[in-house]
Amino acid sequence: MSDFPTELFINGELRPSKSRKTIPQINPATEEQFCAVAAATLEDLEDAVQGAQQAFVTQWRDLTPRKRTDLLFGLAAMIRKNSESLAQLECRNIGKPIADARDEVELGARVFEYYAGAIGKFFGQTIPVGRGGFDFTLRQPMGAVAAIVPWNFPFPIACWKVAPALAAGNTVVLKPASQSPLTAIYLGKLAHEAGLPVGTLQVLPGSGGQIGDALVKHALIRKISFTGSTVVGAHIMELAAHDLKRVSLELGGKSPNIIFADSNVDEAASSSPMSVFANTGQDCCARSRVFVERSVYDRFVEGFVTATKKLVVGDPTDDKTQIGPLVSSAQREISEKFIGEAQGQGRKIACGGKRLNRKGYFLEPTVILEVQPNDRVWREEVFGPVVSIRPFEDETKMLEEVNASPYGLSGSIWTNNLQRALRVARAVESGVLSINSHSSVHLEAPFGGFKQSGIGRDLGMNAMEGYTEVKNVYIAG
Ligand code: NAP
Ligand code: MG
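Just so we're clear, the structure is a prediction, and the values are computed from it rather than from any experiment.

Engineer: Is there a simple way to think about the packing of aromatic side chains in this case?
Structural biologist: One pair of aromatic rings is described through two measures. These are the centre distance and the angle between the planes. Inspection of the entire model under this criterion finds nine aromatic pairs. In this structure an aromatic cluster arises from ring pairing among Phe277, Phe300 and Phe304. For Lys223, the ring lying beneath its charged end belongs to Tyr467, and the centroid distance is 4.6 Å. A cation sits over an aromatic face here: Arg390 above Trp378, 5.6 Å from the ring centre.

Structure, rendered in C-alpha cells:
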C-alpha cells in the first residue's frame, strides 16, 4: 500500500479498475517502478461519465454562484494544505525538479482561486435590438466535459482545465497521461474532501488510445479540452466531428527566440538557456530555435553556452537542481536521435549531447550550431534538452523563416527599440509572445496557439468562455 491514492476516482470513491489492470509507474531518476495505478476500462468510463452527467443535472449546474465560489476556494486551500505531498509525488512520478514541482502546485492553487473569484463576475449582456423588445445573452455551462492532459506539467495543466470548467458550471472527467496520473487522482480526492458534490470531478487514468478515444466519442461528453501532441490533437478533432463535439487543443511548438543586436545581449544570453532547457526541454513553449543578429552572434553564443554549462543537472529531489531526467527512456532516445543526426550532418555540438554517468534518463543540455534551415532539428519539435542557434542578417527574411514553421505557440523577442518590438510582435505568427523576457504563461492571460499549435485558449477569462455556450434570448416589447 502506498501513502497516496493510486486508483480510479469515480463518484466520490477510490476504486480499482473493473479489469484489475494497472499501469506501472516508474521514477525516471532511478528507473525503478514505485507503484502501479488502476487502468480504467470502458465500463469504468461509462460509470464516470454517467456520474458526471448526474452531478451536472442534479447538483453543480444549479448551485448558487456563491456556493460554487466557496467550494472552489475550499479546494484551493486543500491543495495548499497538501502542497508538499503533491510536489513530492510529481517529482517522483516524472522526475520534475522539486523546486519546480512546488511552484507548479502553487500555480494550481492560484488557478482555482482565480476562477473561484471569477464566478460571480462572469455574465451575459443586454443588447439593443429592434424597437421596444429586449435582448439578452446567457452564458450557460455545456454539461459534462472531458480534460485529457499530458505528462510534462501534469498538475498545473489539469488545474487550468478543471478549474474554469467547474467555475462555468460544468462537471469534469479528467484523463491524466499514463506516465503521470498520481497528482490527478490526488486532486480528485481533494475535490471530494473539499465538499464538491459526488461526481463533479471524476479522474480516469487509462490508455489514451482506448479511454481517450471513448471520451471523445461519448455522446454525453460535450467538450474535449486536450493538451498533448499535434498528431493526437488532429486525431481528436477528426473523431469529434461525428457529433460536432467542441474541442480546444493545445499542441506542439517550435518556438523562436529572436535576439536583435540592439537588445541587452548579455541578459538575453544568460537567461535564454532556461527558456528551452527548463523541464528538460519537455515544454510546448520551449524556445528551441534561436535567431541571433549576425553582429552579436559570437557574443550571444558564448554567453549562452557559458550559462548552459552552469545549469545544475541531476537529482530532482535536490532543491538546487534545475534540470532533471527526461520522463522516459523513449523520450530520451528521441532527443539522442536528433543529436546524432545533427552530428552526422557535420553540425557543431557546442556543449552537452551526452548522458550522465548515473542511473536515470538524464541527458545534458545540448547546444547545436551551424544548422541549416532544412535540418530536422531546426524544424521539428524535439521535446527534450536540445537547442539550435542560427545567425540572421535581415529582419524580413528572418521573419519569413520564423513563420515558415507549421507551429505557432510561443516565442521571445529581445530588442530595446520599441518600434521594432511592436513590429516584430505583430508579425510573428504565434499565440503567445514575450518581449525582453521568456515569461509567457500567466494564469490571468490567454494561452494557446496559432496554426498547428492548436485551437482555443487555456487560462484567463478566455478559458472560462470556452466552457460555456452563448444563448441569446429576445423578449418582445
Ligand atoms: P500524447 O500521445 O499526445 O499524449 C497526451 C495525452 O493524450 C495523454 O493523456 C495520452 O494518454 C492521451 N492520448 C494519447 N492517445 C490518445 C488518443 N488516441 N485519443 C485521446 N487521447 C489520447 O503525447 P505523448 O505521446 O505523451 O508525447 C509525444 C509527443 O507529444 C512529445 O514528444 C511532444 O512532442 C508532444 N507533447 C506535447 C505536449 C504539450 O504540452 N503540447 C505535452 C506532451 C507531449 P496516454 O498517456 O495514456 O497515452
Ligand atoms: Mg502518445
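Structure's up, so let's keep going.
Engineer: I'm lost on the sheet that holds strand E6 (residues 134-141) in this one. Help?
Structural biologist: Hydrogen bonding along the main chain pairs the strands of a sheet, whether they run parallel or antiparallel. Read across the sheet, three strands follow the order E5-E6-E22 without closing on themselves; strand pairing throughout is antiparallel. Looking at the sheet topology across the chains shown, the edges are occupied by strand E5 (126-127) and strand E22 (468-475). By the bridge criterion, two bridges tie E5 to E6 in an arrangement that is antiparallel. Residue Ile127 lies in a different strand from E6, and its bridge partner there is Asp135.

Engineer: Help me out: how do you make sense of the pattern of salt bridges in this one?
Structural biologist: As a working rule, side chains carrying opposite charge can pair if their charged atoms are close by. Across all of its chains, the model carries 29 salt bridges by this definition. Its salt-bridge partner being Glu106, residue Arg80 comes within 2.8 Å of it at the nearest N-O pair. Placement of Arg80 in helix H2 (residues 65-81) and of Glu106 in helix H4 (residues 98-118) is noted, with a sequence separation of 26 residues between them. We classify Glu106 as partly exposed; its relative accessible area is 28%. A salt bridge links Arg299 to Asp266; its shortest N-O distance comes to 3.1 Å. Of this pair, Arg299 sits in helix H10 (residues 297-309) while Asp266 sits in helix H9 (residues 265-277), placing them 33 residues apart in sequence. Three or more residues joined by partner-sharing salt bridges are found here, namely Arg15, Lys18, Glu43, Asp44 and Asp47.

Engineer: Got a minute to help me understand the packing of H4 against helix H5 (residues 154-167) in this structure?
Structural biologist: Helix packing for two helices is described by the angle between their axes and how far apart those axes are. Contact pair H4 / H5: the axes reach a minimum separation of 9 Å and the direction vectors enclose 10°. Our classification of the angle between H4 and H5 gives roughly parallel. On H5, the residues touching Glu104, Val105, Leu107, Gly108, Val111, Phe112 and Tyr115 of H4 are Phe155, Pro156, Cys159, Trp160, Val162, Ala163, Pro164, Leu166 and Ala167. Class assignment for the residues of the contact of H4 with H5 results in 14 nonpolar, one polar and one charged.

Engineer: Just to check I follow, could you spell out the pairing of strand E7 (residues 144-148) for this structure?
Structural biologist: Two faces belong to every sheet, and in a regular strand the side chains alternate between them. Burial analysis of E7 places five of its five residues in the buried class, which makes it a mostly covered element. Burial along E7 is two-sided: Ala144, Ala146 and Ile148 and Val145 and Ala147, pointing in opposite directions, are all buried. As defined by bridge partners, E7 adjoins strand E8 (residues 171-175) across five bridges and the pair is classed as parallel. By the bridge assignment for E8, Ile148 is matched with Lys175. Since E7 and E8 lie parallel, the crossover through H5 that links them has a hand, and here it is right-handed.

Engineer: Any chance you could explain the pairing of strand E12 (residues 256-259) here in plain terms?
Structural biologist: Of the two faces of E12, the one lined by Pro256 and Ile258 and the one lined by Asn257 and Ile259 are each fully buried. Across four bridges, the pairing between E12 and strand E13 (residues 289-293) is parallel. In the sheet register, Ile259 faces E13, and the bridge partner there is Val292. After leaving E12, the chain enters H9 and then returns to the sheet as E13, a path that is right-handed. Where E12 lies against strand E18 (residues 412-414), three bridges are found, and the strand directions are parallel. Bridge pairing in E18 places Asn257 opposite Ser412.

Quick notes on the rules
Residues numbered from 1 in each chain as written. Chains lettered and ligands numbered in written order. Predicted model: local features only at pLDDT ≥ 70, side-chain atom pairs only at ≥ 80, totals over all residues. Heavy atoms only, no water. Phe/Tyr/Trp six-rings, centres within 6.5 Å; stacked < 30°, edge-to-face > 60°. Lys NZ or Arg CZ within 6 Å of the ring centre and 35° of its normal. Pairing = 2+ DSSP bridges. Helix = DSSP H or I, 4+ residues; strand = E, 2+ residues; numbered from the N terminus. Salt bridge = Lys/Arg side-chain N within 4 Å of Asp/Glu carboxyl O. Buried < 20%, exposed > 50% of the residue type's maximum accessible area, 1.4 Å probe, protein only. Axes fitted to C-alpha atoms, helices over the stretch in contact; angles between N-to-C directions. Parallel < 35°, antiparallel > 145°, perpendicular 65-115°, else oblique. Contact = heavy atoms within 4.5 Å. Nonpolar A, V, L, I, M, F, W, Y, C, P; charged D, E, K, R; others polar. Right-handed = clockwise from strand over helix to strand, strands pointing away.

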